[in-house]
Amino acid sequence: MNKAAGGSARPQAPQPLGREQLRSQTPPDSLPKAPGEALHGLIGQERAIRAIRLATEMRPEGFNVFVCGESGSGRHSGTLEILRERATRETPPDEWVYVNNFKAPDKPQAIRLPGGMAARFRDAMGEMVADLSAAIPTLFESDEYKARRGAIDQEAEDAQEADFEAVTKAAQAKSIVLMRTPVGFAFAPRKGDEIIKPDEFEKLPEAEKERIQDDIDTLQEQLKGVLSSLPRLEKKRRDQVRQLNQDMASGVVRVEIDDVRSEFKAFPEISAFLDALGEDVVANFEIFLEKAAEAQDAAVPVSPQKADEDPKLRRYGVNIVVGGNSDGETGGAPVVNEPNPTFQNLIGRVEHISQMGALVTDFMLIKPGALHKANGGYLVLNARDLLMQPGSWDALKRALRSGEIRMGSLAEQYSLVSTVSLEPDAIPLKVKVVLIGDRMLYYMLHALDPDFGELFKVQADFDEAFDRTPKATAAYANLIDSLAARESMKPLARAAVARLIDEAARQAEDAEKLSLRVGVIGDILREADHWAGSEDAGEIGVAHIERAIAERQRRSGRIRERAIEAIARGIMLVDVDGEKTGQVNGLSVLQLGETSFGKPSRITARVRVGAGKVIDIEREVELGGPLHSKGVLILSGFLAARYAPDKPMSLSASLVFEQSYGGVDGDSASSAELYALLSALAEAPIRQDLAVTGSVNQFGEVQAIGGVNEKIEGFFDVCMARGLTGRQGVLIPKSNIKHLMLRPDVVEACCNGEFAVYPVSSIDEGIALLTGVPAGELQADRRFPPDSINARVEARLEAFASSRRAFARPQPGNGTDGGAGNT
């Protein structure tokens, strides 16, 4: 940093960090001596817990919750635990059933019932149908019915016989006989007791024949009237039989229905439904007779079927969609976690069955969705899964806005099928929806969907880490012990718990924080339990924790090992000893899935006379990202402000990551790039046994970066592969000290003097350590001390400026004086 006056003391050279600074370790004796009370719930998530509880207590519409946080932070299991604890203290919601709409079968009727009543209603209806199945056939086999039916039949038969008898007597009075033939009725004249044959009839006088023919015509008209009255007589008989059947059936049905009605007399909808059902049963009593006949003709005894099991009696069943035998939870408000939020899994569906090659359906094939099951309680959905399912997001918003669940299908909406389906009554919806997703998804929905902010007014943001205080450490130890006990693992030694807590700090990338991604810590614990079991150990020790961590790194370490091997074999050029001008070891982090590791790269700089431009080769070939380009522009600003504040900078420089064949982004190498530039300008060689990380601002201050542990360990592993010399180390920003949680082997190497980590706060500190030459502070005369790095850089830039002016000055004989030009 520039100094206006020269009286300040020379800055102290950075010193290697000690054990306590390299890795903050939890003393095992600071932990509770024995596992405490089992921990149920979340630690370090007070903000999220308060938000979720607020949402559960708010009754106005729109106070649904979006839970943000990283995967493994306990956002899903913790949210479910909070909701279930709250749900146990709430009143169970009403239940819903669908019954047949006898007037419009394609529009099933929904009936609301208090908790526990749906199953009673279904069972009562099933018993009623079973009783009717027995009572109606018995009734129609009774002597009373047979007698009344016989009387009706006899009356009809007597009426027919009386009509025919009248025709017969009229014919006899005229000496004509009424005969029944295979083709119908016929009249014939008779003489005495014998019928006159046709040849004899022809011999009669004409007057006699005409008289007989007139009599036959008259009798035929009379017979025609009798025959025409037969259908009316039969219809009358059928009407009398139908009325008899209805009178007989209605008596039985009324008794059975009244029993159900008395049990559910407080529900007008059930009473109205029973009235319609009674009319339908009386009108279709033959169904029960057919079932009785089928049972009688069966080769083996057939047990009575329930209404919902018998295809012909399904019309009298009760389909419970919420409550009873549905999948909703009981003993409070339901908490439903839907892992596959498809359109139909969300709002329900109407299934179809195949009958004689056609797809048919009825109200008993209505299946509830997650909204039905969670109605009156809480519905938990994964936001990404919900948005990936066609139509699901719109269906959820539609249900929340309208306050009702209306079934449908995507195929019908897009006219993909023409199968006849149902339009069930909509069910009123009162549910608290909890979406779980990452923050980017939350912000995108807020920005792109105008309905989102109105429907999800509460954000529950799960932290990734919390402060590593003694109280928090004790709570974390209790959490680890509780997890082991809950999953029946072996007990943990206190040292093993302390090692897991240290790993939690490592996962948080901060020695003063503990990671709340308990899923990762839980996986390490489970694997350690496995290794302890493989050794028949009585408890999980530090060695088992260390082995679990090492095995996890080894399983995902193929690319890391290949990178180290390429450097060790000299394929990737990285020096770990000696000195080079304009060359420095930069550090970067590669993230591959859940694995990240540090990798050193050679950064070089070349300088020459120019117009003040620093060329970022990575950017020129479109391999550099915007953050990396920003870092290069910042260091350009630093150079101009420090060394050429009042004159043009006559410099042209190029920077590049050597042997970099992929994209480069981030500004964590900007300090290394600046060191390479300063080295090239000052012609001061840089130690190659040191690597550098850190970003820089325009005032020359070195700023914190991410992945500091992985970067240090990456260079350490390369030095280990090449051979430790005792001079190797890494320069890190001083502000990153609090983030150090290095591997134990790196810490031991540092403590043994084989490796070192140097904290620097400014470019001046770093360049002095890298070159062994003081950076030099600005003196009162606005000059830097002679032979300092800054003085050399300033002198080199002044030389570039002089050279540029010399090239720009007109030369004799160049044709400007009107003479002949040089060729």
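Residues numbered from 1 in each chain as written. Predicted model: local features only at pLDDT ≥ 70, side-chain atom pairs only at ≥ 80, totals over all residues. Heavy atoms only, no water.

### Notes on the overall build of the protein
Rule in force here: The helix count covers DSSP runs of H or I at least four residues long, the strand count covers runs of E at least two residues long, and both are numbered beginning at the N terminus. Residue burial is assigned from relative accessible area. The probe radius is 1.4 Å, only protein chains are included, and a residue is buried under 20% of its type maximum, exposed over 50%, and partly exposed in between. In what follows, residue pairs with any heavy atoms lying within 4.5 Å of each other are defined as contacts.
Of regular secondary structure, the protein possesses 28 helices and 30 strands. Classification of the 823 residues of the protein by burial places 46% in the buried group. The long-range fraction of contacts in the protein, counting pairs at least 24 apart against all pairs at least 6 apart in sequence, stands at 77%.

### Points about the sheet that holds strand β17 (residues 458–461)
This is how it is decided: If DSSP finds at least two bridges between two strands, the strands pair. Axes here mean lines fitted to C-alpha atoms, for a helix over just the part in contact, with angles spanning 0 to 180 degrees between N-to-C directions.
If you walk across this open sheet you meet the 5 strands as β8-β13-β16-β1-β17, and the pairing is parallel. Both edges of this open sheet fall to β8 (335–338) and β17, since each of them pairs with a single strand only. Recorded for the sheet is a direction-independent mean angle of 20° between the axes of neighbouring strands. As paired strands, strand β1 (residues 65–68) and β17 are joined by 4 bridges and run parallel to one another. Paired with Phe 66 across the strands is Gln 459, a residue of β17. Contacting β1, β13 (378–382), β16 (432–437) and β17, helix α2 (residues 46–57) runs over the sheet at an angle of about 150° to β17.

### Regarding the layout of surface pockets
Quick note on the threshold: In the cavity and pocket records, a cavity denotes points on a 1 Å grid over the protein atoms alone where a 1.4 Å probe fits but cannot get out, a pocket denotes an open set with protein on both sides within 12 Å along at least 5 of 7 lines, and lining residues are residues with an atom within 4 Å of a point. Grid points are joined across faces, edges and corners, and a volume is the space filled by probe spheres set on the points. Here the term charged refers only to Asp, Glu, Lys and Arg, the term nonpolar to Ala, Val, Leu, Ile, Met, Phe, Trp, Tyr, Cys and Pro, and the term polar to all other amino acids, Gly among them.
For the largest pocket, the calculated volume is near 1200 Å³. Along the wall of the largest pocket there are 43 residues; nearest its centre are Arg 506, Gln 507, Gln 553, Glu 594 and Ser 596. With 7 residues, the single largest contributor to the lining of the largest pocket is helix α20 (residues 542–555). Here the residues of the lining of the largest pocket sort into 11 nonpolar, 12 polar and 20 charged.

### Things to note about the environment of Pro 16
Relative to the elements of secondary structure, Pro 16 occurs in the segment before α1 (19–22). As for Pro 16 and Cys 751, which are separated by 735 residues in sequence, their C-alpha atoms are 9.6 Å apart. In this view, Pro 16 contacts Ala 756, Val 757 and Tyr 758; residues no more than four positions away in its chain are not counted.

### As for empty space enclosed by the protein
In total, this model carries 3 cavities of 30 Å³ or more according to the counting rule given. There is about 50 Å³ of room inside the largest cavity. In terms of residue count, helix α28 (residues 789–808) provides more of the lining of the largest cavity than any other element does, 4 residues in total. For the lining of the largest cavity, a count of residues per class yields 6 nonpolar, 1 polar and 3 charged. Put simply, the second largest cavity is a space of about 40 Å³. Lining the second largest cavity, in full, are Met 572, Leu 573, Val 574, Lys 599, Pro 600, Ser 601, Arg 602, Glu 658 and Gln 659.

### Examining the side chain of Asn 375
To keep things clear, this is the line we draw: Contacts described as polar in this section are N or O atom pairs within 3.5 Å, which, within protein, must combine one atom able to donate a hydrogen with one able to accept it, while residues neighboring in sequence count only if both atoms come from side chains.
Position of Asn 375 relative to the elements: it lies in the loop between α11 (370–374) and β13. From its side chain, Asn 375 meets the backbone oxygen of Pro 428 in a polar contact 2.8 Å long. What Asn 375 contacts, discounting residues up to four positions off in sequence, is Pro 93, Trp 96, Pro 334, Ile 405, Ile 427, Pro 428, Leu 429 and Lys 430.

### Focus: the nonpolar core
Definition in use: Only buried Ala, Val, Leu, Ile, Met, Phe, Trp, Tyr and Cys residues count toward a nonpolar core, and they belong to the same one when joined by side-chain atoms within 4.5 Å.
Ranked by internal contacts, the top residues of the largest apolar core, which has 47 residues, are Leu 639, Leu 651 and Tyr 675. Broken down by element, this core gets its largest block of residues, 9 residues, from helix α24 (residues 670–682). Counting residues in hydrophobic clusters, the runner-up holds 41 residues, among them Met 248, Val 252, Val 282 and Tyr 316.

### Quick look at the sheet that holds strand β6 (residues 194–195)
The sheet built from 3 strands is open, its strands ordered β4-β5-β6 with antiparallel pairing. The sheet terminates laterally at β4 (176–181) and β6, the two strands that pair on one side only. Where β4 and strand β5 (residues 184–191) come together, 6 bridges link them in antiparallel fashion. Residue pairing in the sheet places Val 177 in a bridge with Ala 188 of β5. Of the strands in this sheet, β4 and β5 are in contact with helix α5 (residues 143–173), which crosses β4 at around 135°. Running over the sheet, helix α7 (residues 206–263) touches β4 and β5 and is turned about 150° from β5.

### A look at a negative patch on the surface
Short version of the rule: Each patch is built from residues lacking any salt bridge and having more than 30% relative accessible area; the joining distance is 9 Å for like charges and 5 Å for nonpolar side chains (Val, Leu, Ile, Met, Phe, Trp, Tyr). Every accessible area reported is derived by Shrake-Rupley at a probe size of 1.4 Å, with residue values counting cover from the shown protein chains alone. For salt bridges, the criterion is a side-chain nitrogen of Lys or Arg within 4 Å of an Asp or Glu carboxyl oxygen. A positive count includes Lys and Arg, and a negative count includes Asp and Glu. His and the chain ends are not counted in either. Charge positions come from single atoms, namely NZ of Lys, CZ of Arg, CG of Asp or CD of Glu.
Together, Glu 155, Glu 157, Asp 158, Glu 161 and Glu 165 give the surface a local cluster of negative charge. For Glu 155, a relative accessible area of 42% puts it in the partly exposed group.

### Details of the packing of helix α21 (residues 558–568) against helix α25 (residues 708–722)
For clarity, the cut-off: Orientation categories follow fixed angle ranges, with anything under 35 degrees roughly parallel, anything over 145 roughly antiparallel, 65 to 115 roughly perpendicular, and all other angles oblique. Note on convention: the crossing is left-handed when the near helix lies turned anticlockwise from the far helix by less than a right angle, right-handed when the turn is clockwise.
Where α21 contacts α25, the two axes come as close as 9 Å, and the packing angle between them is 50°. With respect to α25, the axis of α21 lies oblique. Relative to α25, the crossing made by α21 is right-handed. Residue-level contacts link Arg 560, Ile 564, Ile 567 and Ala 568 of α21 to Asp 717, Val 718, Ala 721 and Arg 722 of α25.

### Here's the deal with helix α27 (residues 763–771)
Burial within α27 is extensive, with 8 of its 9 residues counted as buried. Along α27, the residues that are buried comprise Ile 763, Asp 764, Glu 765, Gly 766, Ile 767, Leu 769, Leu 770 and Thr 771. One or two positions beyond α27, positive phi appears at Gly 772, with a value near 80°.

### Considerations on a nonpolar patch on the surface
Where nonpolar side chains cluster on the molecular surface, the patch consists of Met 440, Met 444 and Leu 448 and spans about 350 Å² of accessible area. Note on Met 440: relative accessible area 55%, which makes it exposed.

### What about the packing of aromatic side chains?
We apply this condition: Classification of ring pairs rests on two measures: the distance between centres of Phe, Tyr or Trp rings, Trp counted by its six-membered ring, which must be within 6.5 Å, and the angle between planes, read as stacked under 30 degrees, edge-to-face over 60 and tilted in between. Sitting over a ring, as applied to charges here, requires NZ of Lys or CZ of Arg to be within 6 Å of the ring centre and within 35 degrees of the ring normal.
Enumeration over the complete set of coordinates arrives at 17 aromatic pairs. Between Phe 66 and Tyr 442, the aromatic rings sit 5.2 Å apart at their centres with planes inclined by 55°, giving tilted as the arrangement. Of this pair, Phe 66 sits in strand β1 while Tyr 442 is found in helix α15 (residues 439–448), placing the two residues 376 residues apart along the sequence. This pair shows no difference in class: Phe 66 is buried, exactly as Tyr 442 is. Judged by centre distance (6.3 Å) and plane angle (80°), the ring pair of Phe 121 and Phe 273 falls under edge-to-face. Of the two residues, Phe 121 is situated in helix α4 (residues 117–140) and Phe 273 in helix α8 (residues 268–283); the sequence distance between them amounts to 152 residues. Given the relative accessible area of 1%, Phe 273 is considered buried. One cation-aromatic arrangement involves Arg 547 over Trp 531; the distance from NZ or CZ to the ring centre is 3.7 Å.

### Overview of the packing of helix α18 (residues 494–508) against helix α19 (residues 518–534)
Interaxial distance between α18 and α19 falls to 10 Å at its minimum, and their mutual angle equals 140°. When the axes of α18 and α19 are compared, the pair comes out oblique. In the crossing of α18 with α19, the sense of the turn from one axis to the other is right-handed. Residue-level contacts link Leu 500, Glu 503, Ala 504 and Gln 507 of α18 to Val 520, Ile 521, Ile 524 and Leu 525 of α19.

### What about the pairing of strand β21 (residues 583–592)?
Look at any regular strand and the pattern is simple: side chains alternate between the two faces of the sheet. As defined by bridge partners, β21 adjoins strand β22 (residues 595–609) across 10 bridges and the pair is classed as antiparallel. If you follow Gln 583 over to β22, its bridge partner there is Thr 604. Between β21 and the antiparallel strand that follows it, β22, lie 2 residues; Gly 593 among them carries a positive phi value of about 65°. Taken together, the 2 bridges between β21 and strand β26 (residues 690–692) define a ladder with parallel strand orientation. Bridge pairing in β26 links Gly 586 to Val 692.

### Here we look at the environment of Val 757
With respect to the helices, strands and loops of the structure, Val 757 is situated in strand β30 (residues 756–760). The residues contacting Val 757, other than those within four sequence positions of it, are Gln 15, Pro 16, Leu 17, Leu 22, Ile 712, Val 730, Ile 732, Leu 742 and Cys 750.

### Focus on unusual backbone geometry
A positive phi is found at Glu 683, a non-glycine position, where the angle reads about 55°. Positionally, Glu 683 belongs in the loop between α24 and β25 (686–687). For Glu 683, a relative accessible area of 53% gives the class exposed.

### Points about the confidence of the model for the protein
The line we're drawing: Known as pLDDT, the predictor's confidence for each residue is given on a scale from 0 to 100.
In the predicted model, the protein carries a mean pLDDT of 83, and 88% of its residues have values of at least 70. For the protein, helix α22 (residues 617–620) is the element with the lowest average pLDDT, namely 54, and β13 is the one with the highest, namely 96. In this model, residues 1–9 is a region of pLDDT below 50 whose contacts with residues beyond four sequence positions or in other chains number 17 contacts. Under a pLDDT of 50 for its full length, residues 325–329 has, in the predicted model, 8 contacts with residues more than four places off or in other chains.

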